[in-house]
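Below are the chains, spelled out letter by letter.
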Amino acid sequence: MKGEPMELKLTVNGKPYELKVKARTLLVELLRNELKLTGTKVGCLDSACGACTVNIDGKAVRSCSILALQANGREVTTIEGVAQSDKLHPIQQAMIDHGAIECGFCTPGMVMSARALLAENPTPTREEVREAIQGNLCADEGYVKYIEAIEMAAERMRGGK
Amino acid sequence: MIADFEYFAPKTVEKALSLVSQYKEEAKIIAGGQSMLIIMKQGLLTPEYLIDIKGIAALDYIKYDEGKGLRIGALTIHRAIEKSPVIQKHFGVLSETERNLATTQTRNWGTIGGNLCHGDPAGDPAPVLIALKAKLKLASLGRERTIEVEEFSKDYLEVALEPDEMLIEIQVPIPPPHTGAAYEKLMVMKGDMGIVGAAVSITLSPGNGVCKDARIALSNCASIPLRAKEAEQVLVGKTINDSLLTKAGEVAAAETNPPVDVHGSAEYRREMVKVFVKRVARIALERAKVG
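Residues numbered from 1 in each chain as written. Chains lettered and ligands numbered in written order. Predicted model: local features only at pLDDT ≥ 70, side-chain atom pairs only at ≥ 80, totals over all residues.

### Things to note about the overall build of chain A
(1) Moving on: On a plain count of helices and strands, chain A comes out with five helices and five strands.
(2) Moving on: Across chain A, helices and strands are ordered from the amino to the carboxyl terminus as β-β-α-β-β-β-α-α-α-α.
(3) Moving on: Taken over the C-alpha trace, chain A has a radius of gyration of 16 Å; the compact-globule value for 161 residues is 15 Å, and the two agree within 12%.
(4) Moving on: On the principal axes, the C-alpha backbone points of chain A span a range of 55 × 30 × 25 Å.
(5) Moving on: A total of 161 residues make up chain A; the buried ones form 45% of that total.
(6) Moving on: Here the contacts in chain A between residues at least 6 apart in sequence split such that 61% fall between residues at least 24 apart. (Helix = DSSP H or I, 4+ residues; strand = E, 2+ residues; numbered from the N terminus. Rg over C-alpha atoms; globule rule 2.2 N^0.38 Å. Buried ≥ 20, exposed ≤ 12 C-beta atoms within 10 Å, placed from the backbone. Contact = placed C-beta atoms within 7 Å.)

Shown next, in the form of structure tokens:
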């Protein structure tokens, strides 16, 4: 029936959920409004800014441009799921250490794009880092620091430090 | 926001086809939804029934055969085409095109079939596939047909799918020897929709280097991906040089009926068609010489 909530099973940040959602619900709406995971930001809600980037099965995607039901059976990771207890993810730590975060609104999306990149490619070139965050707009134009921080994180994750 | 609809997520082609044959015009098929959800959010598209085919694993494949050519399942994501070693080796232009198609996030979820069925004349894959003489396999319950990509677009956001049909496969033939192809588009920012774009494929006669065949297809220059047939004829049968490429660009520009928007007037787009046809044809020519 039109508008009737439908069953959705998915994993979010390692935790399995069985939910009922309206078919028109976007993944970002599920995450923020139902699961109260508000770390994922809504910038444009129009596939333009990348602030809503999450990882599905390890890949960076825009949660504003995917129906929640399309994540059925999949593994979603949001910014809340990247740290290990109180230890920040190396990408988060590098962004802090390098002073990459300005207003911070685009940061969760940047981290999720970078996380997907480094999982797939632990030794990215600068061009590859740039491409990975090409879809993440920063209104402060703080791209250089982000790129350098992601490179720093990559180095640390490879065991440099 | 998005209006309510009834949602189905068939896991097989047969199930999907039986749903579209049941609901026809009242239903829309969604794959990755990277274009469709935008217009649904804008309220421009309000289907009663949404048939989500993204989960049909059988339509996610890239197959290459030296005789049959390249076959891409309609639900293959852009990122897979971009990264496919076999596509990079044999159809490099497709991989290059994908690199500038939107963003990594979009390419990770959006599908080649969804892109083609959306029918946006600014889309990148269609002109490239037209230049490569690709075909599409369409299916409805108990019936299949193939159609040239060139014949697929009918008007702005309108394609030649019957209400009970869906796109199954993209078929790209092996180009003849000494063929080169390229695609470039004018972007404000990498990954943008092209303000204009040009795809060119050139085949040279072995030995004398005369242009045996040429295909030129343009994005965002008309209400459909536009094949510039007159411009092709400027090149065919000739030994291509710079002034001939300039001429081809001019002829192509005259064939267009470009949209007008904040990114450019019709005059500007025509000027850019001249630039891009020449630039891209030159790349295709160089590739044909070594191909």
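What follows continues from the structure just given.
### Some remarks on the domain arrangement of chain A
When the parts of a complex come together, some accessible area is lost, and that lost area is often used as the size of the interface.
Residue and element names in this part refer to chain A.
(1) Moving on: Partitioning chain A into structural domains gives domain 1 (6-80) and domain 2 (90-157).
(2) Moving on: On a C-alpha basis, the centres of domain 1 and domain 2 stand 21 Å from each other.
(3) Moving on: Domain 1 puts 14 residues into the contact, and the matching count from domain 2 is 13 residues.
(4) Moving on: When residues of the side of domain 1 that touches domain 2 are assigned to their parent elements, the largest contribution, three residues, is made by strand S3 (residues 53-56).
(5) Moving on: Among the residues forming the side of domain 1 that touches domain 2, the class breakdown is six nonpolar, six polar and two charged. (Domains from an automatic or database assignment. Nonpolar A, V, L, I, M, F, W, Y, C, P; charged D, E, K, R; others polar.)

### Things to note about the domain arrangement of chain B
Residue and element names in this part refer to chain B.
(1) Moving on: Domains assigned within chain B are domain 1 (6-52), domain 2 (57-172) and domain 3 (179-290).
(2) Moving on: Placing a centre on the C-alpha atoms of domain 2 and another on those of domain 3 gives a separation of 21 Å.
(3) Moving on: Where the side of domain 2 that touches domain 3 is concerned, the elements lending two or more residues are helix H5 (92-99), helix H8 (125-131) and strand S8 (153-155).
(4) Moving on: Counting residues per element, the side of domain 2 that touches domain 3 draws most heavily on H8, which supplies five residues.
(5) Moving on: Among the residues making up the side of domain 2 that touches domain 3, the classes are represented as 11 nonpolar, five polar and six charged.

### Some remarks on the sheet that holds strand S6 (residues 135-140) of chain B
Residue and element names in this part refer to chain B.
(1) Moving on: Strand order in the open sheet formed by five strands is S4-S5-S10-S6-S7, and the pairing between neighbours is antiparallel. Edge positions in the open sheet fall to strand S4 (62-65) and strand S7 (143-148), since each of these has one partner strand only. Averaged over all adjacent pairs, the angle separating strand axes in this sheet is 20 degrees, with direction ignored.
(2) Moving on: Across four bridges, the pairing between S4 and strand S5 (residues 69-73) is antiparallel. Across the sheet, residue Lys63 finds its bridge partner in S5, namely Arg71. (Pairing = 2+ DSSP bridges. Axes fitted to C-alpha atoms, helices over the stretch in contact; angles between N-to-C directions.)

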